[in-house]
Structure formats: structure tokens, C-alpha cells
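One letter stands for each residue in the lines below.
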Amino acid sequence: MPPTPMTGAGGRTTAGPVSATAFRTLMAGFPAGVAVITAVDEAGRPYGTTCTAISSVSADPPTLLVCMQRSSRTLAVLERSGGFAVNLLDDRARAVAELFAARGPDRFEHVGWTARPDWAGPHLDRAAHSVADCRITGSVTVADHVVLFGEVYRAAAADDGRPRPLVHGLRAYWSLGGRGALPDAPPDPTTEAQR
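Residues numbered from 1 in each chain as written. Predicted model: local features only at pLDDT ≥ 70, side-chain atom pairs only at ≥ 80, totals over all residues. Heavy atoms only, no water.

Novice: Help me understand the overall build of the protein, please; the structure alone is not making it clear to me.
Specialist: A tally of regular secondary structure across the protein gives 3 helices and 11 strands. Relative to its 195 residues, the protein shows a buried fraction of 40%. In the protein, of all internal contacts separated by at least 6 residues, the share reaching a separation of at least 24 is 62%. For the protein, the accessible surface area stands at approximately 10900 Å², while carbon and sulfur atoms represent 57% of it. (Helix = DSSP H or I, 4+ residues; strand = E, 2+ residues; numbered from the N terminus. Buried < 20%, exposed > 50% of the residue type's maximum accessible area, 1.4 Å probe, protein only. Contact = heavy atoms within 4.5 Å. Areas by Shrake-Rupley, 256 points an atom, 1.4 Å probe, with all protein chains shown as cover.)

This is the structure:
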């Protein structure tokens, strides 16, 4: 018989939080699109990280949010630059997702990208089916993560207009383009891999 949770004032549960493992298992059952969040530092060097913690917030003004670890080098660049690009990955870009989920200073040497002064961060030309350029309008620190709110001031889709998003869920990469689970899924690339 499961323990009965204790309730405090106002009927709120006072039980402690579940373990990190239980939480990751819970969230593995909630598939999410995969993106690479990018920005450039003061010297023009590109930074980026794989992220699945993205959500729309408002259509007017068009706003989305991304969640990143407080220790992330990419986060520090985003905060200083005041903006970021959200590169929504195509289902053929699994290798790019894995590349930007790993730590390393030379990730941009292994992927095609373009940057312009009016963009908020590098666009991953061949890996993304759509890109949103955002200016940061607010942030909230929650435990070991920071939630950044970005107002979308530019959005571009792939030329063919038919996105085939890369999705991560059940500890595997998936295609929404009709191909199902993608082969050779890594053991557990969770959102905690964000850097």
C-alpha cells in the first residue's frame, strides 16, 4: 500500500520531491522537439547547445521560452548578447543534436552555419528546418536552471515548407516525418546535457 502524502495548510502536499531518476523517467515519456540554441560572444565566436526544454508562451507578442543549466557557457553568452537563435532540427540532424549535447570548443567546425549582424545567433543551415531569432525579454532562475523568455523578431522556415522535426522521447530520437524511431539511439541524452 503506497504511503499517504501529508498535507499542510491549504491542502498542499508536504512530501519531498521524487528522485532525479524518477523525474527523468517521467519526462522521458513526454516527447519534445530538438533544437540547438545559438548565440555569438563579443568577439564573434559562436556558441550553442542542444535543448528540448522549449515552449511557446504567447502569440502577441510572439514569445517562447528555453530552459538552460545555470552552469552553461552558452547561457552566459546568451545573457550578455541579449538574444539567441532557436534552430529547430530536421530529423536528418541527429548527429548535430548529439554534437551540441557534448562539451567541446570546436562544435561549429563540424556543422554548416551562417551568421549575420541582424540575427540573434548562428543559423544551422543544413540541420534546421526552421529558425527563430529572439531578443531576451526576461528570465527566471529555478533551481539549477534559468528560464529565458525570448520575443521572436524573425522566423524562417526551410525552402520546401515541409518540416520533418527531430523529436526526443522514451530515451530515443524519433522522426515526425513518417520514419518512426531512428536507429542506434544513445543510452540517455536528456535535457540535462544542455551546456
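Novice: Any chance you could explain a nonpolar patch on the surface here in plain terms?
Specialist: A cluster of nonpolar residues, Val-18, Phe-23, Leu-26 and Met-27, forms a patch on the protein surface that exposes about 400 Å² of accessible area. Turning to its location among the elements, Phe-23 is positioned in helix H1 (residues 20-28). Residue class for Phe-23 comes out partly exposed when judged on its relative accessible area of 42%. (Patch = residues over 30% accessible without salt bridge, like charges linked within 9 Å, V, L, I, M, F, W, Y side chains within 5 Å. Salt bridge = Lys/Arg side-chain N within 4 Å of Asp/Glu carboxyl O.)

Novice: It is not clear to me how the sheet that holds strand S3 (residues 46-51) should be interpreted in this structure. Could you clarify?
Specialist: Remark on secondary structure: sheet strands pair via backbone hydrogen bonds, oriented parallel or antiparallel. One open sheet accounts for 7 strands, arranged S3-S2-S6-S7-S8-S5-S4; its pairing is antiparallel. The open sheet is flanked by S3 and strand S4 (54-59), the only strands paired with a single partner. Each strand axis lies, on average, 35 degrees off the axis of its neighbour in the sheet, ignoring direction. (Pairing = 2+ DSSP bridges. Axes fitted to C-alpha atoms, helices over the stretch in contact; angles between N-to-C directions.)

Novice: In this structure, what is going on with the state of the cysteines? I would like to understand it.
Specialist: Linking two cysteines covalently via their sulfur atoms produces the bond known as a disulfide. Using the criterion set out here, one finds 0 disulfides in the structure. Not engaged in a disulfide, the cysteine Cys-67 finds its nearest cysteine sulfur in Cys-51; these two sulfurs lie 6.9 Å apart. (Disulfide = S-S within 2.5 Å.)

Novice: Whenever I open this one, the pairing of strand S9 (residues 166-169) confuses me. Can you help?
Specialist: Regular strands place side chains that alternate from one sheet face to the opposite one. Judged by which residues are buried, S9 turns out to be covered on both faces: Leu-166 and His-168 on one side and Val-167 and Gly-169 on the other are all buried. Note: strand S1 (residues 32-33) against S9, 2 bridges, orientation antiparallel. Within S9, the residue paired with Ala-32 across the bridge is His-168. Where S9 lies against strand S10 (residues 172-175), 4 bridges are found, and the strand directions are antiparallel. Bridge pairing in S10 links His-168 to Tyr-173. Count of turn residues in the S9/S10 antiparallel hairpin: 2 residues, of which Leu-170 carries a positive phi of about 55 degrees.

Novice: Honestly, the environment of His-168 in this entry has me stumped. Any pointers?
Specialist: Locating His-168 in the fold gives a position in strand S9. With 134 residues separating them along the chain, His-168 and Val-34 place their C-alpha atoms 6.5 Å apart.

Novice: Explain the pairing of S4 here, please?
Specialist: Here 5 bridges tie S4 to strand S5 (residues 62-69), and the two strands are oriented antiparallel to one another. Looking at the pairing, Ser-55 lines up with Leu-65 of S5. The loop that links S4 with its antiparallel partner S5 comprises 2 residues.

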